[in-house]
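# Reading the structure
Single-letter residue listing:
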Amino acid sequence: LGYSNPLVLDDAGAIATGTLIGVVGQAELQWQPSLTTSIGGGFKRDFNPTPLYQYVGTNRFYANLSQVLGGRFHLGLNAGYSILELGEEQVTLSTATTQGFRRLDGHLDVGGSLAYFFTDWFSVGVVDKLDWRVTNAAIPAPSSTQGDGNLGYVRNQTLVTVAAKY
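Residues numbered from 1 in each chain as written. Predicted model: local features only at pLDDT ≥ 70, side-chain atom pairs only at ≥ 80, totals over all residues. Heavy atoms only, no water.

## Topic: the sheet that holds strand β7 (residues 73–86)
Heads up, the rule is: Pairing between strands is defined by DSSP: at least two bridges between the two strands are required. Think of it this way: any DSSP run of H or I at least four residues long counts as a helix, any run of E at least two long counts as a strand, and we number them from the N terminus.
Taken in spatial order, the eight strands make up an open sheet running β1-β4-β5-β6-β7-β8-β9-β12, and their pairing is antiparallel. Each edge of the open sheet carries a strand with a single partner, namely β1 (2–3) and β12 (153–164). Relative to strand β6 (residues 55–69), strand β5 (residues 37–49) runs antiparallel, the two sharing 13 bridges. Across the sheet, the residue bridging to Asp46 is Thr58, located in β6.

Here it is, written out as structure tokens:
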């Protein structure tokens with residue numbers, strides 16, 4: 001548990017502190033019901049500087065599961081939801097998006113992995129991750145006949161892995 005209030009630029013270009021409640025911290029619970037199973041979850045709140053906006057505050061809830069199957073397979077599942085609070089857009093870029101202040105993003109991420117261990121130190125596997133972000137900000141349209149460009153997205157990533165631990 002701690003306190004964080006990032007340094008930002010005010011309207012006059014002077015350094016000031018952000019206008020936010022800067023309590024930060026993390027709470028997590030983990031349970032291992034057997035030698036091959038691990039379950040966990042928690043909450044994390046932090047603040048970081050970011051280029052376009054003065055800062056980004058993250059309120060993240062998450063859960064994960066890790067399971068060894070048959071002594072050779074490893075299954076991992078995780079999911080999380082974040083509420084992202086962004087500071088005001090920097091003074092010189094005040095019209096970069098339609099939401100210059102009080103921008104809120106919601107971010108859902110879900111992932112899974114399956115690996116096969118040939119030995120204790122060599123494995124191959126597959127990893128899949130899905131990210132979905134919803135936001136109240138958009139990029140302003142260049143003309144009145146076009147709609148604003150929403151900054152939300154959905155992304156899926158699948159990777160094949162080869163790992164050697166030495």
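## Observations concerning the environment of Thr135
Heads up, the condition is: Between two residues, a contact is recorded if the distance between any of their heavy atoms is within 4.5 Å. What qualifies as a polar contact is a pair of N or O atoms within 3.5 Å, subject to a donor-acceptor requirement within protein and to the restriction that residues adjacent in sequence count only when both atoms come from side chains.
Mapped onto the fold, Thr135 is located in strand β9 (residues 122–135). Expressed as a C-alpha distance, the spacing of Thr135 and Tyr153, which sit 18 residues apart in the sequence, is 9.0 Å. Look past the residues within four positions of Thr135 in its chain and what remains in contact with it is Arg103, Leu104, Asp105, Asn150, Leu151 and Gly152. Within the structure, Thr135 has its side chain in polar contact with the side chain of Asp105 (distance 2.4 Å).

## A closer look at the side chain of Asp131
Tracing the backbone shows Asp131 in strand β9. Among the polar contacts listed, one links the side chain of Asp131 to the side chain of His107, at a separation of 3.3 Å. Here the side chain of Asp131 touches Arg155 through a polar contact of 2.6 Å, side chain to side chain.

## A closer look at the pairing of β6
Where β6 meets β7, 14 bridges bridge the pair, whose relative direction is antiparallel. Bridging across to β7, Phe61 finds its partner in Tyr81. The turn joining β6 and β7, which pair antiparallel and follow one another in sequence, is formed by three residues; a positive phi near 65 degrees is taken by Gly70.

## Here we look at the environment of Ala163
Operational definition: Three exposure classes are used, based on accessible area relative to the maximum for each residue type with a 1.4 Å probe and protein chains only: buried under 20%, partly exposed in between, and exposed over 50%.
Following the sequence through the fold, Ala163 ends up in strand β12. On the basis of relative accessible area, Ala163 is assigned to the partly exposed category, the value being 29%. In this structure the C-alpha to C-alpha distance between Ala163 and Trp121, which are 42 residues apart in sequence, comes to 7.8 Å.

## Topic: the packing of aromatic side chains
Threshold: Stacked, tilted and edge-to-face are the three classes assigned to paired rings of Phe, Tyr and Trp, where Trp is represented by its six-membered ring and a pair needs centres within 6.5 Å; plane angles under 30 degrees give stacked, over 60 edge-to-face, the rest tilted.
Taken as a whole and judged by the stated rule, the model has five aromatic pairs. Ring-pair connections join several aromatic residues into one group, and the members of that group are Phe73, Tyr116, Phe118, Trp121 and Phe122.

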